[in-house]
Each structure stands twice: as structure tokens, then as C-alpha cells.
Amino acid sequence: MVALSAETSRLAAANGETALGGGALWQSILQGAAAVAAVTAGIVLALERRVVACGVLLALTGPAIALIQVPVPDAGTAVLFTAALAGGSLAPALAGAAAMTSPVARFRRLDWLVVGVALATAVVVQGLLPAALFDPPAAGCFGCAHNLVEVHDDLSLYTRLGHSGLILTVVWGVGLALRSGWRWVSAPRVVRLVNAPIVLAGAAIAVVAAIAAIHSLSTSTPGIDSTLRFCWLLQCGLVLVMAFGVVVDGQRARGLTRRMTDDVLAKASDAETLRVTIAASIGDPSLTLVFLRDDGALIAADGSNIAETNSVGAVVRVNRTDSEIAEIWYDTRFVGASYQLVAVVRAAGLAIEHLAANARLLAELDDLAASRLRIIAAGDAERRRLERDLHDGAQQRLIALQIMLQIVGSHGSPELTDKYEAARREISTALEELRDLAHGIHPAALTDGGLGEGLRSLSETSPVPLIVDGSRTSRHPIDAEAAAYRLVADTVSSAGKLTTASVVTVTLGESEDMLRLRLRAEGVDASTGDDIMSRALDRIVALDGSITVEETDEATIIEAVIPCGS
Amino acid sequence: VRVVIAEDMVLLREGLTRLLAEAGFDVVGATGDLPGLLELVAETDPDVALVDIKMPPTHTEEGLQGAAIIRERHPRTAVLLLSSYLESRYASMLLENHPASSGYLLKDRVHDSTVLGDALRRVVAGECVIDPAIVAQLLGRSRARGPLDDLTEREREILGLMAEGYSNQTICRDLVISPRTVESHVRSVFMKLGLDESPDTSRRVLAVLAYLQA
């Protein structure tokens with residue numbers, strides 16, 4: 001690139017009159033600098049900032065600028081002559097297209113059309129087609145080098161193509177300037193700020209291209225005059241502005257990283273503050289910060305799960321040691337400022353890492369709590385199944401056996417009848433024990449009738465008087481009912497073992513989403529109360545509930561709150 | 001006495017059928033679920049239906065529903081509910097709407113054809129029958145001091161018999177005391193418990209059960 005630029009500058013210096021940019025030293029330096037700057041800025045954009053289309057177009061503008069410097073009639077070699085002949089109009093179109101593809105807004109069909117017309121005009125109508133029709137000797141240029149792409153000599157068609165190319169240039173120049181200007185104006189503030197040099201300078205290049213074309217159309221003599229030369233040098237200056245904008249952006253991003261690092265360290269201790277800080281940096285209030293678990297599942301800062309469909313569009317991924325730990329979701333309208341956003345996120349890296357670890361820990365705690373709940377629920381379900389099996393299976397069989405013994409026994413001899421009678425009594429005892437066992441495992445009244453019926457049934461077999469305050473009929477989740485029932489059952493059976501205990505009173509306070517239990521156990525000491533609480537604790541805490549014990553002079557009071565949500 | 005049996009366990013159903021036949025009952029049909037029972041009752045118009053409380057499809061309270069429907073549609077047919085649950089709430093649910101000609105018997109008692117036969121004959125006669133084990137559990141539960149403690153031994157015994165559904169005549173026959181004595185005991189019990197005395201034996205059972213359950 002630099003070599004090409006140096007070679008064309010040398011040629012231009014030697015044949016200043018036939019080179020578009022002129023042959024003076026400052027003119028050569030301006031054009032060379034524009035070419036080198038365009039290539040460098042384009043590469044930076046495409047590779048470092050991932051603005052690929054815009055970067056590639058800007059980078060291609062560099063060689064195109066170098067080609068325009070070639071004084072066509074005096075181009076030494078056939079290759080350079082042919083390239084200058086075919087590529088002489090590329091630079092403004094490429095720079096304009098780069099401005100259009102700068103990510104300030106979504107690329108619409110109209111944008112495709114404008115960029116397409118610009119590139120097609122420069123590459124085909126003003127490039128390959130006329131080159132293919134141009135025969136240097138026939139056109140009177142005997143000093144010209146050989147045209148490598150010539151297929152047919154048609155000077156009049158060549159001239160008409162040149163005319164059409166100029167008209168098309170006016171069209172795309174104006175269209176591109178208007179479109180990219182509109183795209184820029186309708187973008188959010190931060191996007192406008194970041195992309196101003198590339199878009200506005202690019203649009204200006206398109207306008208100048210249109211002005212130059214109008215000038216060429218209005219003058220009868222073809223060739224290079226001072227207006228065209230001025231236009232071209234102005235365009236080179238504008239390319240320098242575009243490249244300069246890329247440098248400024250880099251500087252601004254670095255400054256942002258520095259400022260944010262202090263900011264984040266100073267105040268972003270929690271996820272929401274950090275989110276707001278990051279959101280404010282690009283002005284997108286809908287920006288969301290989510291974290292990833294090892295299996296890739298998305299979680300919020302509090303560890304709760306997030307449905308992937310919540311994503312608003314654009315994403316910045318935060319990686320640490322080969323794995324992604326967080327994502328920042330933001331509105332696609334702000335994609336044009338993604339480089340700034342990445343700079344901010346880089347500054348917040350440590351804070352994000354810390355929050356991600358925290359979120360994962362919370363998610364794991366949630367998992368643990370859920371698994372504890374599942375274990376308890378599975379245990380309860382197993383108890384219910386066992387109770388049902390005892391009733392519907394073993395008990396029924398024993399009863400059938402009793403009946404058969406009775407039928408068989410009534411037909412036998414008297415002493416056999418006595419033996420059968422004794423056997424039936426044994427079975428009766430077994431049945432009673434089985435019933436007590438089944439009831440202890442899980443009372444059917446609790447399953448079928450709910451907590452109120454379960455407690456009433458308990459009060460009929462309780463070893464100490466159990467008074468249930470207010471009979472309730474509303475049902476609650478079976479886990480919550482079982483937890484409450486077991487607390488009361490354990491309290492009365494513990495009280496039953498004490499000679500001092502007199503009465504246990506349960507007061508139920510129920511609401512839609514909460515089950516409140518107040519147990520007043522008279523004559524029960526605090527240490528027994530603590531034992532009862534510690535046995536009930538796991539079950540109740542697993543349901544997100546709480547339990548407290550308080551001792552008064554005559555009684556121990558146990559209070560439990562069990563949430564019944566979902 | 002014409003009986004239909006509703007019991008889902010085949011072994012038990014057949015055993016009951018034979019047992020009742022040998023005890024002199026006329027078993028006119030046996031079925032294993034609630035729709036079958038309702039059909040059978042409508043077809044055969046029996047004196048009494050012997051119904052298991054838990055039957056297909058849900059194995060929860062089909063027997064109770066069946067009892068309510070039978071007492072509603074066929075007032076002439078008595079219902080004796082069989083249950084393996086020592087739950088007084090099932091007994092009260094059964095008696096709630098149609099206390100007469102209804103009974104609740106624990107299943108482990110049915111092998112004794114005298115007890116079963118006696119219970120069947122009593123519900124057919126219009127009495128109500130509550131299993132003694134249920135009444136014993138209610139009477140024996142631990143409770144804070146109250147009016148029950150003021151009853152004499154004999155009054156407690158009579159309260160128990162009333163809860164099981166016995167009429168005054170049966171009580172005086174069982175305890176071998178005069179009807180006048182029974183009446184005065186009954187009156188004394190109701191007064192001590194603060195209950196209104198009901199002339200209807202089956203309503204009386206409900207009141208006593210409710211008192212004991214409270």
C-alpha cells in the first residue's frame with residue numbers, strides 16, 4: 001500500500017498536469033496520508049471493533065485513493081494503466097459506502113439500494129465497462145500503455161458511458177448523503193457521537209462526488225480542471241477525518257474504561273447499581289445484566305432462572321478463563337456504540353466476575369433448597385402411599401382371612417371352632433396394630449380432609465387434651481399441611497411423655513399464601529419446646545417458613561409460619 | 001332380609017356373600033364399584049346395602065357418596081357402611097343428612113356374623129349404628145375437665161350406647177333396667193351436657209357425636 005502510494009506519487013509529481021490530485025508535494029502527501037490512514041482505520045474497525053463491512057470498505061478506499069493519483073496517460077506500465085483506467089472512480093464510492101454501513105441504524109432495503117447503485121456505478125459503469133471499450137491509440141493517446149482489459153473499441157459508447165456514469169454519480173452521491181445523514185440523525189445520542197466522523201465525513205465525500213459530477217457535466221471540455229482537483233483533495237481530507245474519527249473513538253473508549261474502573265470500584269457494589277451504571281454509559285435504560293451457570297443456564301443476580309426469550313436483541317458476552325460468565329443484553333439501536341459498551345464492560349470486569357460468582361452461589365443454594373424440599377415431599381408421598389397400601393392391601397387381606405376362617409370354622413367340630421376363634425382374635429389384634437401403624441405413618445384424615453380434619457382426628461387420639469381453635473376447611477399445599485400437622489403431632493406426643501403437661505391449644509391463622517400456627521403447650525418446659533422446634537425446623541425451613549419458641553411461666557409457646565405459595 | 005354388597009376386593013366380596021347367606025340373609029347382588037351399586041339398588045330394591053367406603057375409581061369416599069344417593073333416592077333401603085378407618089368424621093359425614101337407617105361399622109368386625117347381622121337388622125329397622133370402637137375412642141379421648149366428668153358411671157355407659165345408636169328400649173333390655181330408669185338417666189345426661197333432648201333416636205346420635213367430637 002505504502003509502496004503503491006509512493007510509486008503513484010512519484011508518477012504524479014512527474015506528470016502533475018495529468019494526475020487528478022496534482023503533482024505538488026503537499027498534494028502528494030495529503031493523498032498518500034489519506035490512503036494509508038484509510039487502510040489502517042479500516043483494518044482496526046474490521047478486526048478490533050468487529051465493524052466488518054464498514055472496516056473492509058474503508059480499508060479498500062486506501063488503494064482506490066492511490067489509484068486515482070496515477071496520471072492515466074502517463075502511467076508507465078500496462079498493469080498500472082489498466083488499473084487506473086478501471087478503478088479511477090472507486091474511492092468516493094467506497095468511502096461513501098463505508099459511511100452507510102457504519103452501524104448507526106438497522107440496514108434497510110433502501111440502504112442496500114443506495115450502496116448498490118454507488119458501487120455498481122463506480123465498478124461497472126465508470127470502471128470495467130468503459131475500460132473494456134477504450135482503445136488508447138484510437139482515442140489519440142499514442143503514449144499510453146497497453147489496455148489489458150480492452151475487448152472492443154467503441155469511443156462513442158465510451159463517451160456515452162462516461163456521461164451516464166456522471167449522472168449516476170449525482171444520483172448516488174445525493175442519495176447516499178441523504179440516507180446516511182438520516183440514519184445518523186435518527187440514532188441514539190451516544191451512537192451519533194461515536195459514529196459522527198465516519199458517517200458525516202463519508203456523507204460529505206458523497207456530496208462532493210455529486211458536485212464534481214455536476215461540474216463535469218456542465219463543462220464541455222473533458223479533463224482535469226482546478227474545480228475537480230479541489231473536489232478530489234477535499235475528499236482526501238474528508239477520508240483523513242474518517243480515519244481520525246476511528247482514532248478518537250479508541251481514545252474515548254480507553255478514557256471510558258479508566259473512568260468506569262474508578263466509578264465501578266467506588267459505587268457498583270450490587271448488581272442493580274452496576275447495571276444502571278453500564279446502562280447510563282450508552283443511554284439504554286433497558287440494558288440487562290444476566291449471568292451464566294456452568295451448564296450455560298441464564299440466571300439473574302439473585303440466582304433465579306431467566307427465560308432466554310427475555311433477550312432484547314444485541315448481546316455483549318463477558319468471558320473469564322475460557323468460559324462465558326455473563327451477558328449484557330441491550331437494544332439493537334445501540335449496536336453502533338458497542339465498542340464503547342465493551343470498554344465499559346471491560347472496566348466492570350472484576351465487579352461482574354464477583355457478581356457472577358455470587359449469582360451462581362445463590363442459584364446453587366436455591367437448587368439445594370429445592371432438592372431438600374423434593375426430598376421431604378418425596379418422603380411424604382411415600383408415607384401416603386405406604387398408609388394406603390397398608391389399608392388397601394394387608395388390612396383387606398387379613399379381613400378376608402378372618403371371614404374365611406369364620407366360614408370354615410362354623411362347619412367344623414367344636415374344638416376346631418375354638419381354635420379358629422382364637423385365630424380370628426389374633427387377626428383382630430393384628431388389624432388394630434396395623435391400623436395404628438398406618439395412622440401413625442400418615443393419617444388418612446389429613447390426606448382426605450386437610451389440616452383441620454387431620455388435627456381433629458389427632459385430638460381424638462392425642463395423649464394430652466388437644467384443643468383446635470377454629471375448625472378450618474380450606475385446603476393448602478400438602479407439603480405445608482403435612483409440616484403443620486407433624487409439628488402439632490410431635491408437640492402432643494412430646495407433651496404426653498411429660499407428667500406436668502396439661503393442655504395443648506392450637507390456633508390456626510390461615511390466609512391464601514400463609515399458614516400460621518400458634519401452639520400453646522401448658523406445662524411443657526422450654527427444653528422440650530426447643531427439641532420440638534429442632535425436629536420441625538428442617539421441614540419448615542425447607543418450605544421457606546420460620547419457627548420460634550417462647551417460654552412463659554405456665555406454658556411454652558411455639559409459633560410457626562409456613563408459606564403456601566405455589 | 002334382602003342385602004346387596006358393594007366391595008371392590010373380590011375375596012372379601014365373596015366371603016361376605018357366603019357369610020351372610022349362612023347367617024340367613026338373602027344376598028340379591030354384589031358389585032365392586034359405585035355405579036354398579038347404584039344400578040343394583042335400583043334393580044333389586046333391597047332392604048339394606050352393605051357398602052365399602054373406599055371403592056374404585058378414586059378410592060376415597062365413594063361409599064359415602066353412594067350412601068347419600070341411596071338414602072335420597074331409595075328411602076326404603078338402609079345403608080351400612082364398612083370402613084377400615086377409625087375416623088369419627090366419616091361416621092358424622094354419613095349421618096349428617098340421613099341419620100336414620102344408616103350405619104358405620106369397622107371392617108374388622110364383619111367376620112363375626114352375629115355383630116354384622118345385628119348391625120344389618122338394626123339399620124333395616126330404622127336405627128342408626130355407630131361402631132363401638134369409634135364411640136369408645138371419642139369417649140376415651142383426653143380432654144380438659146368439663147361436663148363429661150360430672151357424669152356417673154352408669155350415665156357414661158348410657159351415653160356410649162346412645163352414641164352407638166341404640167334406642168331407649170334396646171338400652172333397657174341390654175342393661176336390664178326399667179324404661180323409666182333409662183329415661184331418667186338419659187334426661188340427666190342431656191341436662192349435664194347442656195344438650196336439647198331429641199325424641200328421635202337417630203337425631204340424638206348426631207347431637208351426641210357432635211358433642212363428643214367438639
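See the structure printed just above.
In this convention, every chain numbers its residues from 1, walking through the sequence in written order. Whichever chain is written first is A, and whichever ligand is written first is 1; the rest continue in order. Residue-level local features of this predicted model are given only where pLDDT is at least 70; pairs of side-chain atoms are given and counted only at 80 or more, and the full residue set underlies all totals for whole chains, interfaces and linings. Calculation of side-chain values draws on the structure's entire complement of heavy atoms; hydrogens and water are dropped beforehand.

J.: Please clarify how the overall build of chain A should be interpreted in this entry.
T.: Helix and strand labels come from DSSP, where a helix needs a run of H or I of at least four residues and a strand needs a run of E of at least two; each type is numbered from the N terminus. Summing up its helical and strand segments, chain A has 16 helices and nine strands in all. Counting across all 566 residues of chain A, residues that qualify as buried make up 49%. Contacts in chain A between residues far apart in sequence, at least 24 positions, make up 70% of those at least 6 positions apart. Using a 1.4 Å probe, accessible areas were evaluated by the Shrake-Rupley method; residue-level cover was limited to the displayed protein chains. When the accessible surface of chain A is split by element, carbon and sulfur atoms take 61% of a total near 26200 Å². Exposed residues in this analysis have more than 50% of their type's maximum accessible area, buried residues have under 20%, and partly exposed residues fall in between, with area computed by a 1.4 Å probe over protein chains only. Throughout, a residue-residue contact means that at least one pair of heavy atoms, one from each residue, lies within 4.5 Å.

J.: Help me understand unusual backbone geometry, please; the structure alone is not making it clear to me.
T.: The backbone of Thr321(A) shows a phi angle near 40 degrees, a positive value even though the residue is not glycine. Relative to the helices and strands, Thr321(A) resides in the loop between strand E3 (314–320) and strand E4 (323–330). One non-glycine residue, Ser101(B), lies in the positive phi region at around 60 degrees. Inspection of the secondary structure assignment puts Ser101(B) in the loop between helix H4 (88–95) and strand E5 (102–106). Note on Ser101(B): relative accessible area 12%, which makes it buried.

J.: What am I meant to see in the side chain of Arg179(A) here?
T.: Residue and element names in this part refer to chain A. Of note, Arg179 is situated in helix H7 (residues 155–185). For Arg179, a relative accessible area of 13% gives the class buried. Counted as a polar contact is a pair of N or O atoms within 3.5 Å, where, for protein atoms, one must be capable of donating a hydrogen and the other of accepting one, and residues adjacent in sequence contribute only when both atoms are in side chains. Here Asp111 takes part through its side chain, which lies 2.5 Å from a polar atom of the side chain of Arg179. Setting aside chain neighbours within four positions, we find Arg179 in contact with Met100, Arg108, Leu110, Asp111 and Val114.

J.: I'm lost on the interface of chain A and chain B in this one. Help?
T.: Size of an interface: often given as the accessible area lost when the parts come together. Listed by partner, the interface residues are 35 residues for chain A and 32 residues for chain B. What gets called buried area is simply the loss in accessible area from a 1.4 Å probe that two parts show on being joined, summed for both. Between chain A and chain B the total buried area reaches about 2900 Å² when both faces are included, carbon and sulfur atoms providing 53% of it. When the buried area of chain A at its contact with chain B is split by residue, Ile403(A), Arg435(A) and Glu460(A) rank highest and sum to 22% of it. What makes a salt bridge here is a side-chain nitrogen of Lys or Arg within 4 Å of a carboxyl oxygen of Asp or Glu, nothing more. Here chain A and chain B share two salt bridges between them. Across the salt bridge formed by Arg435(A) and Asp108(B), the nearest N and O atoms sit 3.1 Å from each other. Sorting the residues of the side of chain A that touches chain B by element identifies helix H12 (349–409), helix H13 (414–441) and helix H14 (444–461) of chain A as the ones contributing at least two each.

J.: Explanation requested: the pairing of strand E3 (residues 48–52) of chain B in the structure shown.
T.: Side-chain direction in a regular strand flips from residue to residue, so the side chains alternate between the two faces of the sheet. All names here are of chain B. For E3, the tally of buried residues reaches five of five residues, placing the bulk of the element in the interior. Every second residue of E3 is oriented toward a common face, with Val48, Leu50 and Asp52 on one face and Ala49 and Val51 on the other, all of them buried. Two strands pair when backbone bridges link them, and strand E1 (residues 2–6) and E3 are joined in this way by four bridges, in the parallel orientation. Bridging from a neighbouring strand, Val4 pairs with Ala49 of E3. Paired strands, as defined in this entry, are two strands with at least two bridges between them according to DSSP. Relative to strand E4 (residues 78–83), E3 runs parallel, the two being bridged by five bridges. When the sheet's bridge partners are listed, Asp52 is paired in E4 with Leu82. Here is how to tell: hold the view so the strands point away, follow the path from the first strand over the helix to the second, and if it runs clockwise the crossover is right-handed. Viewed along the sheet, the connection from E3 through helix H3 (residues 62–73) into E4 turns out right-handed.

J.: Quick question: what am I supposed to make of the sheet that holds strand E6 (residues 129–130) of chain B here?
T.: Through backbone hydrogen bonds, the strands of a sheet pair up, either in parallel or in antiparallel fashion. All names here are of chain B. With respect to topology, six strands assemble into an open sheet ordered E2-E1-E3-E4-E5-E6, the strand pairing being parallel. Looking at the sheet topology across the chains shown, the edges are occupied by strand E2 (26–31) and E6. Taken together, the five bridges between E4 and E5 define a ladder with parallel strand orientation. Along E5, the bridge assignment pairs Leu81 with Tyr104. Relative to the sheet, helix H5 (residues 113–124) contacts E3, E4, E5 and E6, its axis offset from that of E4 by approximately 145 degrees. Between N-to-C directions, angles span 0 to 180 degrees; the directions come from axes that are lines fitted to C-alpha atoms, helices contributing only their stretch in contact.

J.: Any chance you could explain the environment of Ala560(A) here in plain terms?
T.: All names here are of chain A. One can find Ala560 in strand E9 (residues 555–563). Along the primary structure Ala560 and Ile547 are separated by 13 residues, whereas in three dimensions their C-alpha atoms are 4.2 Å apart. Not counting chain neighbours up to four residues away, the residues in contact with Ala560 comprise Leu487, Leu515, Arg516, Leu517, Ile540, Ser546 and Ile547.

J.: When you look at the sheet that holds strand E8 (residues 546–551) of chain A in this model, what are you seeing that I'm missing?
T.: Residue and element names in this part refer to chain A. One open sheet accounts for five strands, arranged E5-E6-E7-E9-E8; its pairing is mixed. With partners counted over all chains shown, the strands left at the sheet margins are strand E5 (466–469) and E8, one partner each. The mean inter-strand angle of the sheet, taken between neighbouring strand axes irrespective of direction, is 15 degrees. Note that strand E6 (residues 504–511) and strand E7 (residues 514–522) share eight bridges and pair antiparallel. Residue pairing in the sheet places Thr507 in a bridge with Arg518 of E7. Lying over the sheet, H14 contacts E5, E6 and E7, oriented at roughly 155 degrees with respect to E5. The strands that helix H15 (residues 478–496) touches are E5, E6, E7, E8 and E9; relative to E7, the one it contacts most, it runs at about 0 degrees.

J.: Even after reading the chapter, I still don't get a negative patch on the surface, so can you show me in this structure?
T.: Side chains of Asp525(A), Asp530(A), Asp531(A), Glu551(A) and Asp553(A) sit close together on the surface and give a patch of like negative charge. Of note, Asp525(A) is situated in the loop between E7 and helix H16 (526–542). The residues that make up patches have over 30% relative accessible area and no salt bridge, and they are joined within 9 Å when like-charged or within 5 Å when they are Val, Leu, Ile, Met, Phe, Trp or Tyr. Under the counting rule used here, the positive set is Lys and Arg, the negative set is Asp and Glu, and His together with the chain ends is not counted. Charged groups are reduced to one reference atom each: NZ for lysine, CZ for arginine, CG for aspartic acid, CD for glutamic acid.

J.: Any chance you could explain a nonpolar patch on the surface here in plain terms?
T.: A surface patch of nonpolar side chains, about 300 Å² in accessible area, is lined by Val123(A), Val124(A), Leu128(A) and Leu129(A). On the secondary structure map, Val124(A) appears in helix H6 (residues 109–133).

J.: Can you walk me through the packing of aromatic side chains in this structure?
T.: For any two aromatic rings, the description comes down to two numbers: the centre-to-centre distance and the angle of the planes. Note on ring pairs: Phe, Tyr and Trp rings are taken, using the six-membered ring of Trp, and paired if centres are within 6.5 Å. Classes follow the plane angle, with under 30 degrees stacked, over 60 edge-to-face and the rest tilted. One pass over the structure, following the stated rule, counts three aromatic pairs over all chains. Measuring from centroid to centroid gives 4.9 Å for Phe107(A) and Trp112(A), while their planes differ by 90 degrees, and the two rings are edge-to-face. On the basis of relative accessible area, Phe107(A) is assigned to the partly exposed category, the value being 25%. Residue Trp112(A) is classed as exposed on the basis of its relative accessible area, which comes to 58%. On the numbers, 6.1 Å between centres and 70 degrees between planes, the contact of Tyr85(B) with Tyr90(B) is edge-to-face. Its relative accessible area of 0% is what places Tyr90(B) among the buried residues. The ring centre of Tyr339(A) lies 4.3 Å from the NZ or CZ of Arg49(A), which sits over that ring. Here, over-ring charges are defined by two tests on the NZ atom of lysine or the CZ atom of arginine: distance to the ring centre within 6 Å, and angle to the ring normal within 35 degrees. The lysine or arginine in question, Arg192(A), covers the ring of Trp184(A), its NZ or CZ lying 5.9 Å from the ring centre.

J.: So what exactly am I meant to see when it comes to helix H8 (residues 189–218) of chain A here?
T.: Since the α-helix packs 3.6 residues into each turn, any two residues three or four apart lie on the same face. By definition here, a helix of n residues has an expected span of 1.5 Å times n minus one. The terminal C-alpha atoms of H8(A) lie 40 Å apart, and with 30 residues this matches the ideal 44 Å at 1.5 Å per residue to within 8%. Residue Asn195(A) marks the point of greatest curvature in H8(A), where the axis turns by about 70 degrees; the proline Pro197(A) follows within four residues. Throughout, bend refers to the angle between the axes fitted to the seven residues that end at a position and the seven residues that start at it.

J.: Mind showing me how you'd approach the environment of Ala210(A) here?
T.: All names here are of chain A. Its location among the elements puts Ala210 in helix H8. According to the relative accessible area criterion, Ala210 is buried, its value standing at 4%. When sequence neighbours within four positions are dropped, the list of residues in contact with Ala210 reads Thr169, Val170, Gly173 and Val174.

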